[in-house]
Amino acid sequence: MFDKEKAFQTARKWIKEIGHVIREEIDQPRNVDTKTNPNDLVTEMDRKVERFFALKIRNAYPNDKILSEEGFGDHVTSLEGTTWIIDPIDGTMNFIHQKRNFAISLAIYHEKQGEIGFVYDVMADVLYAAKRGEGAYKNDQRLATLDDEKKFTESIYMLNTIWTTDNDIVDAEKIRALVKDVRGVRTYGSAALEFCYLAEGIVDGYVSFKLHPWDVAAGAVIYKEVGGVVKHADGSELSYLKQEPLVAGHKEIVAETLKHYLVLTHFRKKSPSSSV
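Residues numbered from 1 in each chain as written. Predicted model: local features only at pLDDT ≥ 70, side-chain atom pairs only at ≥ 80, totals over all residues. Heavy atoms only, no water.

Q: What should I look at first to understand the overall build of the chain in this one?
A: Check the secondary structure of the chain and you find seven helices and 14 strands. Rg of the C-alpha trace for the chain: 18 Å, near the compact-globule value of 19 Å for 276 residues, within the 12% margin. A burial count over the chain gives 53% of its 276 residues as buried. Within the chain, contacts between residues at least 6 apart in sequence are counted, and of these 63% link residues at least 24 apart. (Helix = DSSP H or I, 4+ residues; strand = E, 2+ residues; numbered from the N terminus. Rg over C-alpha atoms; globule rule 2.2 N^0.38 Å. Buried < 20%, exposed > 50% of the residue type's maximum accessible area, 1.4 Å probe, protein only. Contact = heavy atoms within 4.5 Å.)

Q: Where do I start with the pattern of salt bridges in this structure?
A: Pairing between side chains of opposite charge can happen when the charged atoms of each approach one another. Under the definition given, this model contains 16 salt bridges. The partner of K4 in a salt bridge is E134, with the nearest N and O atoms 4.0 Å apart. Remark: E134 occurs in the loop between β7 (126-131) and β8 (136-138) and K4 occurs in helix α1 (residues 4-24); sequence separation between them is 130 residues. For E134, a relative accessible area of 37% gives the class partly exposed. Several salt bridges converge on common partners, so that one network encompasses K4, E5, E115, K131, R132 and E134. (Salt bridge = Lys/Arg side-chain N within 4 Å of Asp/Glu carboxyl O.)

Q: Teacher, can you tell me more about the environment of F52 here?
A: Structurally, the position occupied by F52 is in helix α2 (residues 44-60). Looking at F52, the relative accessible area reads 15%, which means it is buried. Along the primary structure F52 and W14 are separated by 38 residues, whereas in three dimensions their C-alpha atoms are 8.7 Å apart. Apart from the residues within four sequence positions on either side, F52 is in contact with W14, E17 and I18.

Q: Can you help me understand empty space enclosed by the protein in this one?
A: Over the atoms rolls a probe the size of a water molecule, and in doing so it shows where empty space is left. This model, assessed by the stated rule, comprises one cavity of 30 Å³ or more. Its volume calculated, the largest cavity comes out at about 40 Å³. In terms of lining, the largest cavity is formed by L211, H212, P213, V216, L238, Y240, K242, E244 and L246. Mapped by element, the contributors of at least two residues to the lining of the largest cavity are α6 (213-224) and β14 (244-249). When grouped by side-chain class, the residues that make up the lining of the largest cavity number six nonpolar, one polar and two charged. (1 Å grid on protein atoms, 1.4 Å probe; cavity = no way out; pocket = protein on both sides within 12 Å on 5 of 7 lines; lining within 4 Å. Points joined across faces, edges and corners; volume = space filled by probe spheres on them. Nonpolar A, V, L, I, M, F, W, Y, C, P; charged D, E, K, R; others polar.)

Printed below as a string of structure tokens:
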């Protein structure tokens, strides 16, 4: 039987424990490798953190599945049962270059529902957390629900500006129009933290086209608790099982984005490099 409160408290303890280790070792020399392209980076710390969670989960919850980035998880094809979805360091480029603005992202999905989400801004020691149906929190402060209305032209939007250049995934001309029509555009280099900024209401919309489940699963749980909308870029629901293009934001912002600005073309193996 799935004990949500016990899983929540256990995961919270583990996140704080490994977060302390990261802060203690933040200034040590890094071993940096590349994965799919020169900007797709991984360090020994990514692997160390994921290994930490994998060992903890397999010991405490041996029947649960793990969907994760760095090879310590399972081959997950369904979110039936209980699945832990983990990004050990979301924003690895920030971790390497800035030593800040990165996060641990951990979600627990049970019978296809996102039940628990944690995003831990390690260096700021800020923990965003949510349990489905119980609200979202920044440390111990409950986040307010989103306003009922939000004008698209007054919104702050998050996107990687690579998508305003010609590519084979989305109509770049439409994205350039979006940039012109909103109040401002931002990018932070960590999808998990970007979802939390949406949840705080300090930004209003978000599009990205190359995110994996571990990038967004926890943030989506948190964001939905304040009334945020998360959709596949074609308007359908995300599967949280594979790489998918998405739009997230205030309900009015998402509706406007889908109606006027997102025209997907087709995916290709070699698309513009992007960490978000």
